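These are the residues of each chain, in order.
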Amino acid sequence: MRLLMYTSAFCGPCAVARRVVERAGTLVPSLSVVERDIASWPDEAERDGVRMTPTLIVADDAGTEVFRGEGPPSMPQLLQALSRALPGE
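These remarks concern the structure in this document. Please read these numbers as outputs of a predicted model, since none were measured by experiment.

Cut-off values and rules
Residues numbered from 1 in each chain as written. Predicted model: local features only at pLDDT ≥ 70, side-chain atom pairs only at ≥ 80, totals over all residues. Heavy atoms only, no water. Disulfide = S-S within 2.5 Å. Buried < 20%, exposed > 50% of the residue type's maximum accessible area, 1.4 Å probe, protein only. Phe/Tyr/Trp six-rings, centres within 6.5 Å; stacked < 30°, edge-to-face > 60°. Lys NZ or Arg CZ within 6 Å of the ring centre and 35° of its normal. Helix = DSSP H or I, 4+ residues; strand = E, 2+ residues; numbered from the N terminus. Pairing = 2+ DSSP bridges. Expected span 1.5 Å × (residues − 1). Arc of directions from axis to C-beta. Contact = heavy atoms within 4.5 Å. Core = buried A, V, L, I, M, F, W, Y, C linked by side-chain atoms within 4.5 Å.

Brief notes about the state of the cysteines
(1) Moving on: Scanning the entire structure with this criterion turns up one disulfide.
(2) Moving on: The disulfide partner of C11 is C14, and the gap between their sulfur atoms is 2.4 Å. Here the S-S torsion is close to 80°, and the disulfide linking C11 with C14 is therefore right-handed. Assigned by exposure class, C11 and C14 land together as buried.

Some thoughts on the packing of aromatic side chains
(1) Moving on: Going through the model one piece at a time under the given rule, you end up with zero aromatic pairs.
(2) Moving on: Seen from the ring of W41, R36 lies directly overhead, with NZ or CZ sitting 4.6 Å from the centre.

Focus on the pairing of strand β3 (residues 55–59)
(1) Moving on: Most of β3 is tucked away: five of the five residues are buried.
(2) Moving on: Every second residue of β3 is oriented toward a common face, with T55, I57 and A59 on one face and L56 and V58 on the other, all of them buried.
(3) Moving on: Where strand β1 (residues 2–7) and β3 come together, five bridges link them in antiparallel fashion. Directly across from L3, in β3, lies its bridge partner V58.
(4) Moving on: Here five bridges tie β3 to strand β4 (residues 65–70), and the two strands are oriented antiparallel to one another. Looking across to β4, one finds that V58 is bridged to F67.

Here's the deal with helix α1 (residues 12–27)
(1) Moving on: Over its 16 residues, α1 runs 24 Å from end to end, which matches the ideal 22 Å to within 8%, given 1.5 Å per residue.
(2) Moving on: Of all the positions in α1, only C14, A17, V20, V21 and A24 are classed as buried. Taken around the axis of α1, the buried residues stretch over an arc of 125°, which confines them to a single face. Every exposed residue of α1 that faces more than 90 degrees away from the buried side is listed here: E22 and T26.
(3) Moving on: Tucked into the core, α1 has its buried residues touching β1, β2 (32–37), β3 and α3 (75–83).

Some thoughts on the nonpolar core
(1) Moving on: With 16 residues, the main nonpolar core has L3, L56, L78 and L82 as its most contacted residues.
(2) Moving on: Listed by contribution, the elements that provide at least two residues to this core are β1, α1, β3 and α3.
(3) Moving on: Ignoring sequence-local partners within four residues, the contact set of L82 consists of M1, L3, A24, V28, L31 and V58.
(4) Moving on: Counting residues in hydrophobic clusters, the runner-up holds five residues, among them L4, Y6, V50 and I57.

Honestly, that's just the spatial picture; any functional story needs more than this.
Here's what the structure looks like:
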């Protein structure tokens, strides 16, 4: 499963989201995280429909988006979103 996280450099909520994602990564070893700063990736952010930071997009192993959230998630929210990317869900 893959988590694409759009952030910005001076975004307080982005720092919170990073910490939650890091903790989730220790619980879900198959999680692949890609972080993109919207200042460096503006075309991709626009293509992906990012309206604010942080935006988290979870995709399953086939690359299908299964969850999208704006703002920093709580750990339970993120784990529930990641469960949608598990095979058979």
